[in-house]
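This is what each chain is made of:
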Number of protein chains: 2
Amino acid sequence: MKLKILAKVDSLDTQKSIISKIGELINFKNLEPGDKLPSERMLSEKFEVSRSSVREAIQKLELYGLLDSIPQSGTFVANIGVIAMNGMIEDILRLEDPDFKSLVETRILLELKTVRLASLRRTEEDLEKIKEALDAYSEKVLRGEDAVQEDLLFHLAIARASGNSIMNNFMLIITPEIITNFEKYHVCDKKLANLSISEHQDIFEAIKKQDPMLAKQKMKDHFTVLYQYCYNIKKST
Amino acid sequence: MKLKILAKVDSLDTQKSIISKIGELINFKNLEPGDKLPSERMLSEKFEVSRSSVREAIQKLELYGLLDSIPQSGTFVANIGVIAMNGMIEDILRLEDPDFKSLVETRILLELKTVRLASLRRTEEDLEKIKEALDAYSEKVLRGEDAVQEDLLFHLAIARASGNSIMNNFMLIITPEIITNFEKYHVCDKKLANLSISEHQDIFEAIKKQDPMLAKQKMKDHFTVLYQYCYNIKKST
DNA sequence: CCTTGTAATCTGGTTAACCAATTTATAAGT
DNA sequence: ACTTATAAATTGGTTAACCAGATTACAAGG
């Protein structure tokens with residue numbers, strides 16, 4: 001019996017191979033920025049894969065900004081030049097699955113920035129949303145329940161208030177994996193959660209006061225406690 | 001005549017509406033983490049859209065880690081709980097297109113970190129790759145040609161050497177848009193490029209010496225010149 | 001009552017034919 | 001020769017039927 005997960009790996013491999021072949025094609029045909037890629041039908045025939053596979057590969061490259069697919073017209077190569085195109089495709093194919101360490105590093109980097117920006121740019125509406133998230137979190141912790149989700153929603157509310165849509169987007173991308181890891185390692189148990197309430201409140205107050213330095217410091221404190229604890233339990237297990 | 005671009009907007013709107021409906025469904029049916037979503041056929045029938053549209057929406061939610069589609073088995077909701085799921089779907093739908101300011105902010109944040117990490121973790125192979133990118137850039141500038149692409153590939157080589165796959169991925173996502181904007185605003189003209197050669201060399205040397213503080217400082221200097229200049233030309237145009 | 005084997009059903013993935021908008025080629029008019 | 005009108009070909013998007021693996025239901029055997 002073939003394991004379930006292998007089917008996904010297979011499909012990812014074919015996608016990577018298609019992306020690679022599209023890259024070679026752009027090189028070989030010397031396609032300039034703005035030029036049109038061969039049609040999806042021709043590509044699927046040339047690569048001997050289904051058209052939907054080609055479409056998925058194109059969608060992925062569209063996500064990275066390398067292609068632009070326009071209905072009833074064609075798929076066009078982005079205005080970044082062949083050299084950048086080659087380098088980027090190579091990098092995209094080489095990308096490995098994220099480890100927990102990368103995840104934590106990136107989260108801390110992003111959040112120390114978003115909390116600073118949020119304290120500078122937050123509107124009254126942003127502040128209310130953050131307060132709501134804070135209250136939802138506190139209530140659940142005080143009832144003795146698990147509140148990992150409310151915790152992360154508080155942080156996402158801050159990211160939204162930062163006014164930087166890219167950082168907001170990046171936070172959204174890494175959040176689910178953070179939640180899964182937290183629940184796997186039981187990072188947020190009740191003892192830690194009670195402490196975190198006051199830490200969250202401090203962060204909120206700093207944003208309310210529009211004090212960027214304080215906001216960043218309070219967030220830093222928050223992470224120190226959180227991940228020091230995480231490191232300990234990981235070593236003990 | 002319908003404008004070309006509108007067709008893409010339409011398709012994005014239907015995708016958003018499908019994502020929203022999937023969110024409602026998870027709420028209404030009280031689907032717990034790990035539960036199975038109705039099949040793609042049922043969803044397409046229920047929502048009165050094509051199955052491929054449903055598949056695309058699912059793929060997007062898979063990208064954000066909210067769903068997991070397993071061949072011949074079904075699509076499962078991620079282990080993050082309904083509350084987080086609702087908040088995240090709301091945020092994903094609300095996400096606006098990135099502006100240039102967000103782009104620059106995020107780039108600087110990421111690169112000041114990746115250059116530091118790269119100086120600490122770079123292997124000899126990483127160092128060689130960075131050197132290659134540096135030489136390719138310098139040569140092209142000295143020949144008086146435009147070298148925006150080689151510039152960005154140098155920075156991407158550093159991101160790769162950082163050993164943080166998520167930051168590397170995020171850098172790849174924002175790079176094409178940076179290139180496009182640079183070329184649009186003619187950020188890197190020859191005068192600036194000649195100055196940038198020595199700045200790039202300084203960054204490389206700091207990474208080679210494995211001096212994280214120096215590396216970060218040199219990168220900061222590099223950005224100061226770059227975006228101050230950018231700000232000036234944007235005001236003058 | 002529980003286990004086991006088998007067949008029917010259900011799943012995401014693939015394929016091929018079809019659609020409407022676009023682009024290109026061709027022909028008619030001036 | 002050039003412009004304009006019309007038709008043929010091309011495009012990404014959609015649809016419906018099909019595939020192989022996974023799941024489920026159920027009956028036979030213990």
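None of these values were measured; they are calculated from a predicted model.

Chemist: Any chance you could break down the protein's contact with DNA strand D for me, citing the residues and the numbers?
Modeler: Taken together, 22 residues sit near DNA strand D, with Arg-41, Arg-51 and Arg-55 of chain A together with Ser-50 and Ser-52 of chain B positioned nearest. Among the atoms of DNA strand D lying within 4 Å of the protein, the sugar-phosphate backbone contributes 60%. Arg-51 of chain A is positioned with one of its side-chain polar atoms (N or O) 2.6 Å from a base nitrogen of DNA strand D. Take Arg-55 of chain A: an N or O atom from its side chain is 2.6 Å from a phosphate oxygen of DNA strand D. Among the secondary structure elements, those contributing two or more residues to the surface near DNA strand D are α2 (40-47), α3 (51-63), β1 (67-70) and β2 (74-77) of chain A together with α3 (51-63) of chain B. Along the lines of polarity and charge, the residues of the surface near DNA strand D split into four nonpolar, ten polar and eight charged.

Chemist: Can you tell me about α3 of chain B, naming the residues and giving the values?
Modeler: Residue and element names in this part refer to chain B. In this model, α3 (13 residues) spans 18 Å end to end at C-alpha, consistent with the 18 Å of a helix rising 1.5 Å per residue. For α3, the set of buried residues is Val-54, Ala-57, Ile-58 and Leu-61. Taken around the axis of α3, the buried residues stretch over an arc of 100°, which confines them to a single face. Of the residues one or two after α3, Gly-65 is the one with positive phi, at around 75°.

Chemist: Before we move on, could you go through the environment of Arg-143 of chain A and cite the residues and values that matter?
Modeler: Residues and elements named next belong to chain A. Relative to the helices and strands, Arg-143 is located in the loop between α6 (124-142) and α7 (148-161). Under the relative-accessibility criterion, Arg-143 is labelled exposed at 55%. Separated by 27 residues in sequence, Arg-143 and Arg-116 place their C-alpha atoms 31 Å apart.

Chemist: Report on the pairing of β2 of chain A, specifying residues and quantitative values.
Modeler: Residue and element names in this part refer to chain A. Of the two faces of β2, the one holding Gly-74 and Phe-76 and the one holding Thr-75 and Val-77 are both buried throughout. With four bridges connecting them, β1 and β2 associate as antiparallel partners. Bridge pairing in β2 links Asp-68 to Phe-76. Connecting β1 to the next strand, β2, in antiparallel fashion are three residues, including Gln-72 with a positive phi near 55°.

Chemist: With reference to specific residues and values, describe the relation of the copies chain A and chain B.
Modeler: The transformation that overlays chain A on chain B combines an axial shift of 0.0 Å with a rotation of 180°, and the residual RMSD is 0.0 Å. Each copy turns onto its partner about a two-fold axis. When the interface residues of chain A are mapped onto chain B, 100% of them again fall at the interface, so both copies present the same face.

Chemist: I'd like a description of the domain arrangement of chain A, backed by residues and values.
Modeler: When its domains are assigned, chain A resolves into domain 1 (12-94) and domain 2 (100-236). Between the C-alpha centres of domain 1 of chain A and domain 2 of chain A the distance comes to 38 Å.

Chemist: Pulling in residues and values, what's your account of the packing of helix α5 (residues 100-121) of chain A against α7 of chain A?
Modeler: Residue and element names in this part refer to chain A. The contact between α5 and α7 brings their axes to 7 Å, and the two run at 55°. With respect to α7, the element α5 is oriented oblique. When the axes of α5 and α7 are compared, the crossing they make is left-handed. Only Leu-152, His-155, Ile-158, Ala-159 and Ala-161 of α7 make contact with α5, whose side of the interface consists of Arg-107, Glu-111, Thr-114, Val-115, Ala-118 and Arg-121. Of the residues contributing to the contact of α5 with α7, the split by class is six nonpolar, two polar and three charged.

Chemist: Describe the interface of chain A and chain B, naming the residues involved and giving the relevant values.
Modeler: Contact with chain A, which involves 64 residues of that partner, is made by 64 residues of chain B. At the surface where chain A touches chain B, the tally comes to six salt bridges. Where chain A meets chain B, there are 20 residue pairs in polar contact (both at pLDDT 80 or more). In terms of residues, the side of chain A that touches chain B owes the most to one element, helix α8 (residues 165-185) of chain A, which gives 14 residues. Looking at the side of chain A that touches chain B residue by residue, the class counts come to 28 nonpolar, 17 polar and 19 charged.

Conventions adopted
Residues numbered from 1 in each chain as written. Chains lettered and ligands numbered in written order. Predicted model: local features only at pLDDT ≥ 70, side-chain atom pairs only at ≥ 80, totals over all residues. Heavy atoms only, no water. Near = heavy atom within 4 Å. Polar contact = N/O pair within 3.5 Å; in protein donor to acceptor, adjacent residues only side chain to side chain. Helix = DSSP H or I, 4+ residues; strand = E, 2+ residues; numbered from the N terminus. Nonpolar A, V, L, I, M, F, W, Y, C, P; charged D, E, K, R; others polar. Expected span 1.5 Å × (residues − 1). Buried < 20%, exposed > 50% of the residue type's maximum accessible area, 1.4 Å probe, protein only. Arc of directions from axis to C-beta. Pairing = 2+ DSSP bridges. Least-squares fit on C-alpha atoms with pLDDT ≥ 70 in both. Contact = heavy atoms within 4.5 Å. Domains from an automatic or database assignment. Axes fitted to C-alpha atoms, helices over the stretch in contact; angles between N-to-C directions. Parallel < 35°, antiparallel > 145°, perpendicular 65-115°, else oblique. Left-handed = near helix turned anticlockwise from the far one by under 90°. Salt bridge = Lys/Arg side-chain N within 4 Å of Asp/Glu carboxyl O.

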